There are 2 protein chains.
Amino acid sequence: MFDFQIAATSGAARTGTLTLPHGPVETPVFMPVGTQGTVRALSPADLKAVGAAMVLANTYHLHVRPGEEVVAQLGGLHRFMAWDRPLLTDSGGFQVFSLAGFRRVDDDGVEFQSHVDGGRRTLTPERATEIQWTLGADIAMAFDHVAPGAADEATSRDALERTLRWLERCARKLGELMERWNDGQTGRSFQPSNVPSFRQTLWPILQGGTHPNLRIEGLRRILEMGSWTGLAVGGLSVGEPKAKMYEVLELLEPRLPRPLPRYLMGVGFPEDLVAAVERGVDLFDCVAPTRNGRNGSAFTPEGPLNIRNAGFRTDKGPVDPTCDCETCITYSRGYLRHLFVAEELLGLRLLSLHNVRYLIRLAEQMRAAIRKGEGALAAWADDWRRRYTQPGIA
Amino acid sequence: MFDFQIAATSGAARTGTLTLPHGPVETPVFMPVGTQGTVRALSPADLKAVGAAMVLANTYHLHVRPGEEVVAQLGGLHRFMAWDRPLLTDSGGFQVFSLAGFRRVDDDGVEFQSHVDGGRRTLTPERATEIQWTLGADIAMAFDHVAPGAADEATSRDALERTLRWLERCARKLGELMERWNDGQTGRSFQPSNVPSFRQTLWPILQGGTHPNLRIEGLRRILEMGSWTGLAVGGLSVGEPKAKMYEVLELLEPRLPRPLPRYLMGVGFPEDLVAAVERGVDLFDCVAPTRNGRNGSAFTPEGPLNIRNAGFRTDKGPVDPTCDCETCITYSRGYLRHLFVAEELLGLRLLSLHNVRYLIRLAEQMRAAIRKGEGALAAWADDWRRRYTQPGIA
């Protein structure tokens, strides 16, 4: 049910197939983010049309609204959001540390104030695990303590240690839920999905900030703790310089077990995807394509383009002449500019669609390059970077 | 190129085929409104999926932004908005009298203040005709003076007389444009569409408020003025009681030439569509399905439903169990409620899609009933009303 087969490598980069209860996922893969159980402005049919294989949803947001019990009563997260391909839920850790107003952290968990209704709520490793089990994604994430990108070693050490203690509790809780499930003692709340063969796996999150010793120690202790089906690198892309993120990935790459899929959380922009795949990462998620799309910014092979630019007023060409998405094969830049200037909803959808397609196609292109074997990805990436970072067209 | 064939009648109601340069349209037909060159929240593919045969776009809005010359440079209105089926543009008259801030009317035309940039602009019958020719819709509407629904006879008489004088000027202007086109003296601005066989027709608008004598006199003078391909009834659904609207339609029906398609502008809600088809109307447009959809209100056979209703929180059923649209076959009321409560863009799209499908299906159902012959539509309409006006489900 959970399987990862590497088909080819090129340097540290790998391409393969991750098999999950709701289907196979070719890696490297970009996951669009469906924060509130919907990838903003896009429908499941749109996501399939642009080749999305897997979507991430946010446990924090769904717990706060509509609540995991409502999702369960509506058939579980897959049926709720009408997405029948694989889903991953984060643990809520990142949101609790970035979104919530008031928060109080102790070893038990985090008390925080909902950003929706201001109410006090508590997330613990056990609750985060239970909520994700109730939601029913294919992959659940361990509840983690995220320190800011610039945190000093003591702060990062503290977050790492807590995350490691919490990981043990998440794994124990999921084990209990799984046991009850397998014994047939499955009340509604433990049967959130209607896929009969449903099982959920848990991935640990490695913290440690930008401190090499913490990252190495954290990784060692995670791997000692159990036999995982995948592993996430957290606490990056949270304000540290990009070079630091690449350093951490390079440090970790030779130490990560090769058969484990590697997920770099919250990344990223096109240049980050390319750099991280070269450093051996398999899975990505980021709100950038939809958020930037709603702001009128479109990814193109020559770098981002602002569709509101007056120069596009009567431009008959597509956003990205190399792209095969509905937006690019149907509409002119001039029309898309009009939609944004006139504040029409369709514009938000069309640029979000293009940007998601752009990142998914980027991953497709990297998979093809990796399959060409040693050196092929590096050559492709050099070409790609030369084009992407040329003086922008907008 | 412009043809209307009536296939069957049932009482005053008719069903037939209106043939336009961009294809055939089965009547009675509901036209979704693409105010700014886009039906709000919906794509052309969405519109085709719900069976839309024809779309209305607003001359006033497109003239103000992005400007008809920009639309022409981007290939004309069809190509601009990627809609290859028939289009109708209104004349801007209604918007000038309802939307614009300052306005000054004289016999030449209307000076008004743009609702976008506050700039002073002037629309005359000639300009409105030229703008619509440049946009390139299949059907253009005459520039009219719209009086409020409750206007007294003198005010309505004044608006009617001006509208009749303006109609002559619109027809003359379109004749000039057509002549130049046919002589091959067709500069870019006279060749707005890329459909080689393009021609545009002009429909008059009958004003006269709720005053029977004015409506009858107006109709007589319009019909004396020329040989039209269709005729619109304007100045209804602008604040007068519904019974008054039905009275005017009943007054006009026996006096309207049977071979002419009849367009009731700005109507309407489901009950109005049914009542007007029974009174011999063939074409409709209204922003209600999309505007109400964005407000969380969905049409159903049992009347409108407010999706935000707390009672739908864990409702697994579709918005309308009888409906075949993507929204109803894919999503639960509970999920749609969540999208609205969480202010997600997808909700606006999904309810707009359903509401447009609802009105298009309503027209389909009426066409089928009319084809069953004498008495069949009346029986269908009685059943429909009994169900639609029962105590609402929300």
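Residue numbers restart at each chain and count upward from 1, following the sequence in its written direction. Think of it this way: whatever chain is written first is A, whatever ligand is written first is 1, and the rest follow in order. In keeping with the predicted nature of the model, local features appear solely for residues at pLDDT of at least 70, side-chain atom pairs appear and are counted solely at 80 or more, and the whole-chain, interface and lining totals rest on all residues. Working from all heavy atoms in the structure, the side-chain values ignore hydrogens and water.

*Asks:* In this structure, what is going on with the side chain of T129 of chain B? I would like to understand it.
*Replies:* Each helix is a run of H or I in the DSSP string that is no shorter than four residues. Each strand is a run of E no shorter than two, and both are numbered from the N terminus. With respect to the secondary-structure elements, T129 of chain B resides in helix α6 (residues 125–135). Among all residues touching T129 of chain B, those that are not within four sequence positions of it are C170, K173, L174 and L177 of chain B. Note on definitions: a residue-residue contact is assigned when non-hydrogen atoms from the two residues lie within 4.5 Å.

*Asks:* Please clarify how the interface of chain A and chain B should be interpreted in this entry.
*Replies:* Interface size, as often reported, equals the accessible area lost upon joining of the parts. The partner chain B presents 39 residues to the 39 residues of chain A that form the contact. On the chain A side of the interface with chain B, the three residues burying the most area are H338, E344 and L345 of chain A, jointly 18% of the side's total. Each reported salt bridge corresponds to a side-chain nitrogen of Lys or Arg within 4 Å of a carboxyl oxygen of Asp or Glu. Where chain A touches chain B, the interface holds 4 salt bridges. Notably, a salt bridge pairs D46 of chain B with R349 of chain A, separated by 2.5 Å at the nearest N-O pair. Any pair of N or O atoms that falls within 3.5 Å is considered a polar contact. Within protein, one atom must be able to donate a hydrogen and the other to accept it, and sequence-neighbouring residues count only if both atoms are side-chain atoms. Our count for the contact surface shared by chain A and chain B stands at 14 residue pairs in polar contact (both at pLDDT 80 or more). For the side of chain A that touches chain B, the secondary structure elements donating two or more residues are α1 (44–49), α3 (68–73), α12 (326–330), α13 (333–341) and α14 (345–371) of chain A. Looking at which element gives the most residues to the side of chain A that touches chain B, the answer is α13 of chain A, with 5 residues. Of the residues belonging to the side of chain A that touches chain B, the class tally is 19 nonpolar, 10 polar and 10 charged. When two components associate, each loses some accessible surface as probed by a 1.4 Å sphere; the sum of these losses over both components is called the buried area. Three classes are used: nonpolar for Ala, Val, Leu, Ile, Met, Phe, Trp, Tyr, Cys and Pro, charged for Asp, Glu, Lys and Arg, and polar for all others, with Gly counted as polar.

*Asks:* In this structure, what is going on with helix α8 (residues 212–225) of chain B? I would like to understand it.
*Replies:* An α-helical turn contains 3.6 residues, so a residue and the one three or four places further along point in the same direction. All names here are of chain B. Here, expected helix span is obtained from the residue count minus one, scaled by 1.5 Å. Across its 14 residues, α8 extends 20 Å between first and last C-alpha, which sits within 8% of the 20 Å expected from 1.5 Å per residue. Of all the residues in α8, the buried ones are L214, R215, E217, G218, L219 and I222. The elements touched by buried residues of α8 are α7 (153–182), β13 (205–206), β14 (231–233) and α9 (242–252). Exposed residues in this analysis have more than 50% of their type's maximum accessible area, buried residues have under 20%, and partly exposed residues fall in between, with area computed by a 1.4 Å probe over protein chains only.

*Asks:* How should I be thinking about unusual backbone geometry in this particular structure?
*Replies:* Apart from glycine, the bulk of residues carry a negative phi angle, and the bulk of peptide bonds sit in the trans form. Of note, the amide linkage connecting V267 of chain A to G268 of chain A takes the cis form, showing an omega dihedral of 10°. With respect to the helices and strands, G268 of chain A occurs in the loop between β15 (262–264) and α10 (270–278). Here R65 of chain B and P66 of chain B are connected by a cis peptide whose omega angle stands at 10°. By the element assignment, P66 of chain B lies in the loop between α2 (59–64) and α3 (68–73). Positive phi outside glycine occurs at A41 of chain A, with the angle close to 75°. Here A41 of chain A is to be found in the loop between β5 (33–34) and α1.

*Asks:* I would appreciate a short explanation of the pattern of salt bridges in the present structure.
*Replies:* A side chain with one charge may pair with a side chain of the opposite charge, provided their charged atoms come close. Residue and element names in this part refer to chain B. Inspection of every chain in the model, using the stated rule, returns 70 salt bridges over all chains. In this structure, the salt-bridge partner of D107 is R162, at a minimum N-O distance of 3.2 Å. Of the two residues, D107 sits in the loop between β8 (103–105) and β9 (110–113) while R162 sits in helix α7, which places them 55 residues apart along the sequence. Looking at D107, the relative accessible area reads 38%, which means it is partly exposed.

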